[in-house]
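Understanding the architecture of this molecule
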Amino acid sequence: MTVEEAMETYGPSELTRDDLLVLEDPHYAAENVAIVTGAGSGIGQATALAFTANDLTVVATDRDEDGLAETQSQAEDLSLPGELVTVVGDLTDDADLERIVDEAAEQGNVRYLANIAGIQTVAPIESFPLEKYDLMHDVMQRAPMVLTKHCLPHFRDNEDGTGVVANMCSVHGHIVTQDKVAYNTTKFGLRGLTQSIAAEGEGDVRAFTVSTAYVKTALVAKQLPDTADRRDMTVDEVVENVMLEHTRVKEMMEPYEVANLFVMGCSHHSKHLNGGDMTHEGGMSLTY
């Protein structure tokens, strides 16, 4: 199976407005800002659109300028009621991290931070490229901490002193698979960061993680042919016998389904979700 065929079969479906969860929430309003990282594609893009569907002002950030333009175009095509503002930024650059939050504060009250951006490298420990390990740590664990550091004063300056940090974790923040040492350790660390934010939030600043199994993103779909070649399997066999072998729900999630979890988790409906994890992985880590 070619990359193009894998994308056709296992990539995300076309997003419609009806796919996006819309909730009644007093803070889901234009004067409040949600920062979403990794918003140029995949789950980050879907989450930016989902928050825009809930009347928020969304600061969508990514290093991929073309991807951000596509996200903005989708928001316009779907006639979403909120405003989506794009900010190109590099999550490995401390100055950019501060600038992203500063630009978000110019748009309104910074109230939500969704750390979605993620990357992957697959290799055994003895040959794992250290520069990739460092990059993955910087993007998926250090950047969420630094962005939180810059957002906290804005949260506390809100009229009610509240805010929410939502972090994209993974089933691999609970159980691990081989050849993913950087991804595994980063996701476990992200849960520790989330709990630390909750511990210091004094009940006003909440934090939570979302853990899923495999999601139908372009990142996952484009890796399937190479994974199949390395395992001497077909792409379909990789999906059925590797990715979904231990799940009870025998299909991958759509990016918008993950985005809807962030909408729910950040809302007042989830006020008791603080330091915890929204585990939606089809039973992979919870059943045998």
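From a predicted model like this one, the values you see are computed outputs, not experimental measurements.

**Examining the overall build of the protein chain**
For the protein chain, the helix and strand inventory stands at nine helices and seven strands. Here the protein chain has a C-alpha radius of gyration of 18 Å; the compact-globule value for 288 residues is 19 Å, and the two agree. Seen along its three principal axes, the alpha-carbon backbone of the protein chain occupies a region of about 60 × 40 × 35 Å. Across the 288 residues in the protein chain, those meeting the buried criterion constitute 53%. Pairs at least 24 residues apart make up 76% of the contacts formed inside the protein chain by residues separated by at least 6 positions. Counting every atom, the protein chain has about 13300 Å² of accessible surface; 47% of that belongs to carbon and sulfur.

**Brief notes about a negative patch on the surface**
A grouping of D229, D232, D236, E237 and E240 is seen on the molecular surface, where their side chains present a negatively charged patch. Of all the elements, helix α8 (residues 235-243) adds the most residues to the negative patch, at three residues. Tracing the sequence through the fold places D229 in helix α7 (residues 218-231). By relative accessible area, which is 62% here, D229 ends up exposed.

**Re the pattern of salt bridges**
In total, this model carries six salt bridges according to the counting rule given. Close ionic contact of D94 with R142 constitutes a salt bridge, the shortest N to O distance being 2.7 Å. Of this pair, D94 sits in helix α4 (residues 94-105) while R142 sits in helix α5 (residues 130-157); the two residues are 48 residues apart in sequence, bridging distant segments of the chain. Here D94 falls in the partly exposed class, since its relative accessible area comes to 37%. Measuring nitrogen to oxygen at the nearest pair gives 3.3 Å for the salt bridge that ties R99 to D96.

**Looking at the sheet that holds strand β2 (residues 57-62)**
Spatially, β3-β2-β1-β4-β5-β6-β7 is the arrangement adopted by the seven strands of the open sheet, whose pairing is parallel. Each edge of the sheet is formed by a strand with only one pairing partner; in this case those strands are β3 (83-88) and β7 (277-280). When the angles between neighbouring strand axes are averaged without regard to direction, this sheet yields 20°. Against the sheet, helix α2 (residues 42-53) contacts β1 (32-37), β2, β3, β4 (109-115) and β5 (163-168), and its axis sits at roughly 170° relative to β1.

**Some thoughts on helix α6 (residues 181-200)**
An α-helical turn contains 3.6 residues, so a residue and the one three or four places further along point in the same direction. For α6, which comprises 20 residues, the first-to-last C-alpha distance of 29 Å matches the rise-based estimate of 28 Å (1.5 Å per residue) to within 8%. The set of residues buried in α6 consists of A182, Y183, N184, T186, K187, G189, L190, L193, T194, I197 and A198. For α6, the elements touching its buried residues are α5, β5 and β6 (205-212). Count one or two residues on from α6 and you reach E202, which has phi positive near 55°.

Definitions and cut-offs
Residues numbered from 1 in each chain as written. Predicted model: local features only at pLDDT ≥ 70, side-chain atom pairs only at ≥ 80, totals over all residues. Heavy atoms only, no water. Helix = DSSP H or I, 4+ residues; strand = E, 2+ residues; numbered from the N terminus. Rg over C-alpha atoms; globule rule 2.2 N^0.38 Å. Buried < 20%, exposed > 50% of the residue type's maximum accessible area, 1.4 Å probe, protein only. Contact = heavy atoms within 4.5 Å. Areas by Shrake-Rupley, 256 points an atom, 1.4 Å probe, with all protein chains shown as cover. Patch = residues over 30% accessible without salt bridge, like charges linked within 9 Å, V, L, I, M, F, W, Y side chains within 5 Å. Salt bridge = Lys/Arg side-chain N within 4 Å of Asp/Glu carboxyl O. Lys, Arg positive; Asp, Glu negative; His and termini not counted. Charge placed at Lys NZ, Arg CZ, Asp CG, Glu CD. Pairing = 2+ DSSP bridges. Axes fitted to C-alpha atoms, helices over the stretch in contact; angles between N-to-C directions. Expected span 1.5 Å × (residues − 1).

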